[in-house]
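Observations on the model geometry
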Amino acid sequence: MTQRINYAEVAPRGVKVLAGTHAYVSQSGLAPELLTAVNLRVSLINGCAYCIDLHSRELRELGVSSEKIALVPVWHEAGHLFDEREKAALAWAETVTRVSTTGVPDSDYEAVSAHFGDKELVDLTIAISLMNAYNRLAISFRNVPAGAAG
């Protein structure tokens with residue numbers, strides 16, 4: 001795969017705005033492991049090789065086990081590996097990412113609301129939305145995953 005456009009060089013102000021949102025989410029109080037697992041799940045749904053590689057590496061750096069990272073795509077079948085809050089966040093990430101088909105039903109909102117306060121839920125949804133934006137940039141312009149570069 002060859003990168004089409006280096007969007008960070010072409011539109012640095014736009015990328016800086018996204019980075020500002022990333023900084024906000026990172027300082028929101030949501031656990032880094034949770035946010036990164038959500039980023040990985042969103043990237044898996046969207047098929048973003050660059051982001052899948054990046055967030056898998058980040059989870060390893062955060063000390064998350066290889067088993068848990070490998071089971072992010074099938075978290076609902078991973079038993080005790082994911083706690084209830086993580087499961088709620090991953091389910092919310094799926095329904096929000098697939099908004100065109102799910103419509104984000106009340107049942108999904110009620111399920112996630114049992115584990116996250118209003119501000120946490122808004123911050124989580126901002127994180128999911130941001131990851132979807134990053135995925136669309138990386139896929140559209142063919143960012144090369146670090147693991148495939150060389």
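Residues numbered from 1 in each chain as written. Predicted model: local features only at pLDDT ≥ 70, side-chain atom pairs only at ≥ 80, totals over all residues. Heavy atoms only, no water.

Per an unreviewed UniProt entry, the recorded name for the chain is Alkylhydroperoxidase, and the organism is Mycolicibacterium tusciae.

1. Here's the deal with the UniProt feature "domain: Carboxymuconolactone decarboxylase-like" (unreviewed entry) in the chain
The cut-off we apply is this: UniProt positions are given in the numbering used here, feature names are shortened, and annotations may be inferred rather than shown by experiment. Going along the chain from the N terminus, every DSSP run of H or I of four or more residues is numbered as a helix, and every run of E of two or more is numbered as a strand.
Here, UniProt's "domain: Carboxymuconolactone decarboxylase-like" (unreviewed entry) annotation points to residues 25–94. Annotated as residues 25–94, this span is 66% helix and 0% strand, and its ends, taken at the C-alpha atoms, are 18 Å apart.

2. So, the nonpolar core
Using the following cut-off: Take the buried Ala, Val, Leu, Ile, Met, Phe, Trp, Tyr and Cys residues and link them wherever side-chain atoms come within 4.5 Å; each set so joined is a nonpolar core. Each residue's exposure class comes from its accessible area (1.4 Å probe, protein chains only) as a fraction of the maximum for that residue type: buried when under 20%, exposed when over 50%, partly exposed otherwise.
In terms of nonpolar packing, the biggest core is built from 35 residues, with V38, W92, F116, L124 and I128 touching the most fellow members. Those elements giving two or more residues to this core turn out to be α2 (12–26), α3 (32–46), α4 (49–61), α6 (84–97) and α9 (118–140).

3. Some points on the pattern of salt bridges
What counts here: When a carboxyl oxygen of Asp or Glu is within 4 Å of a side-chain nitrogen of Lys or Arg, the pair counts as a salt bridge.
Throughout the structure, instances matching the rule amount to six salt bridges. The shortest N-O distance in the salt bridge between K87 and E84 comes to 3.6 Å. Placement of the pair is K87 and E84 together in helix α6, with a separation of three residues, close to one helical turn. In this structure, K119 and D123 form a salt bridge, with 2.6 Å as the shortest nitrogen-oxygen distance. Of this pair, K119 and D123 both sit in helix α9, four residues apart, which is roughly one turn of the helix. When its relative accessible area of 2% is taken as the criterion, D123 is described as buried.

4. Some thoughts on the layout of surface pockets
Condition: Put plainly, a pocket is an open set of points on a 1 Å grid over the protein atoms alone with protein on both sides within 12 Å along at least five of seven lines, a cavity is a set where a 1.4 Å probe fits but cannot get out, and a lining residue has an atom within 4 Å of a point. Grid points are joined across faces, edges and corners, and a volume is the space filled by probe spheres set on the points. Charged residues are taken to be Asp, Glu, Lys and Arg, nonpolar residues to be Ala, Val, Leu, Ile, Met, Phe, Trp, Tyr, Cys and Pro, and polar residues to be all remaining types, Gly included.
Each pocket or cavity is described by its volume, and for the largest pocket that value is around 250 Å³. Counting only elements with at least two residues in the lining of the largest pocket, the list comes to α1 (7–10), α2, α4 and α9. In terms of residue count, α4 provides more of the lining of the largest pocket than any other element does, five residues in total. Lining the second largest pocket are 13 residues, and of these H22, S26, L35, T36 and N39 lie nearest its centre. Elements with a minimum of two residues in the lining of the second largest pocket: α2, α3, α4 and α9. Here the lining of the second largest pocket is built from residues that sort into seven nonpolar, five polar and one charged.

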